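# A look at the structure
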Amino acid sequence: MLLREVPGKRYAALVFSGLAGDEKVREKTEELLAWTRRRNLTAVGTPQLARYNPPWTLPLLRRNEILVEVSVQ
């Protein structure tokens, strides 16, 4: 096993529950990017979807996030 140090990064995240279908992910991504702009943060790179639950978890109990790396202007 090889371990290496990776420099820290700053991310903005929007947490949401339910199913993470294409339309909902698009809506939440736009919401997160608008939030970052209002706070003078610049999105760096492509937003990412993170799903944390197995597929048999009830939609109401699922935890998802949209993440985007940001830099302060």
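The notes below deal with the structure included here. Predicted model, so just to flag it, every value in this text is computed and none were measured.

What counts and how
In every chain, residue numbers begin from 1 and rise along the written sequence. Owing to the predicted nature of the model, reporting of local features is limited to residues with pLDDT of at least 70; listing and counting of side-chain atom pairs is limited to 80 or more, with chain, interface and lining totals taken over all residues. Just so you know, side-chain values use all the structure's heavy atoms and leave hydrogens and water out. Pairing of aromatic rings covers Phe, Tyr and Trp, the last counted by its six-membered ring, and requires centre-to-centre distances within 6.5 Å; plane angles under 30 degrees mean stacked, over 60 mean edge-to-face, and any other angle means tilted. Geometrically, a charge over a ring is one whose NZ (Lys) or CZ (Arg) sits within 6 Å of the ring centre while staying within 35 degrees of the ring normal. What counts as a salt bridge is simple: a side-chain nitrogen of Lys or Arg found within 4 Å of a carboxyl oxygen of Asp or Glu. Only DSSP runs of H or I covering at least 4 residues are called helices, and only runs of E covering at least 2 are called strands; the numbering of each starts at the N terminus. A simple rule labels every residue: compare its accessible area, found with a 1.4 Å probe on the protein chains alone, to the largest value its type can have, and call it buried under 20%, exposed over 50%, or partly exposed in between. Pairing between strands is defined by DSSP: at least two bridges between the two strands are required. Angles here are taken between N-to-C directions and fall from 0 to 180 degrees, while the axes themselves are lines fitted to C-alpha atoms, restricted in helices to the stretch in contact. Residue contacts are defined here by distance: any two heavy atoms, one from each residue, within 4.5 Å place the two residues in contact. Between N or O atoms, a polar contact is any pair within 3.5 Å; within protein, one atom must be a potential hydrogen donor and the other a potential acceptor, and residues adjacent in sequence are included only when both atoms are from side chains. Definition of nonpolar core: a set of buried residues of the types Ala, Val, Leu, Ile, Met, Phe, Trp, Tyr and Cys, connected through side-chain atoms within 4.5 Å.

## Some details on the packing of aromatic side chains
Taken as a whole and judged by the stated rule, the model has zero aromatic pairs. Between arginine 63 and the ring centre of tyrosine 52, over which it is positioned, the NZ or CZ distance is 5.0 Å.

## As for the pattern of salt bridges
Between side chains of opposite charge, a pair can form as their charged atoms come close. Taken as a whole and assessed by the stated rule, the structure comprises three salt bridges. Between glutamate 23 and arginine 26 there is a salt bridge, with the nearest N and O atoms lying 3.3 Å from each other. Placement of the pair is glutamate 23 and arginine 26 together in helix 1 (residues 22–38), with a separation of three residues, close to one helical turn. Its relative accessible area of 45% is what places arginine 26 among the partly exposed residues. Between arginine 63 and glutamate 65 there is a salt bridge whose closest N-O contact spans 2.5 Å. Take arginine 63: its relative accessible area is 40%, and that puts it in the partly exposed class.

## A short note on the sheet that holds strand 3 (residues 64–72)
What the three strands build is an open sheet, ordered 1-3-2; its pairing is antiparallel. Because the sheet does not close on itself, it has two edges, and the strands there are strand 1 (11–16) and strand 2 (41–51). On average, adjacent strands in this sheet sit at an angle of 20° to one another, irrespective of strand direction. Pairing geometry for strand 1 and strand 3, over six bridges, is antiparallel. When the bridges of strand 3 are listed, tyrosine 11 appears paired with glutamate 69.

## Quick word on the environment of alanine 13
Structurally, alanine 13 can be placed in strand 1. When the C-alpha positions of alanine 13 and glutamine 48 are compared, they lie 9.5 Å apart, and in sequence the two are 35 residues distant. Other than its neighbours up to four places away in sequence, alanine 13 contacts Leu32, Ile66 and Leu67.

## Comments concerning the side chain of threonine 29
Mapped onto the elements, threonine 29 comes out in helix 1. Engagement of the side chain of threonine 29 in a polar contact is seen with the backbone oxygen of valine 25, the distance being 2.7 Å. When near neighbours in sequence (up to four residues on either side) are disregarded, threonine 29 contacts Pro47 and Ile66.

## What to know about the nonpolar core
Membership of the largest hydrophobic core is limited to ten residues, which are Ala12, Leu14, Phe16, Ala20, Val25, Leu32, Leu41, Ile66, Val68 and Val70. Broken down by secondary-structure element, the contributors of at least two residues to this core are strand 1, helix 1 and strand 3.

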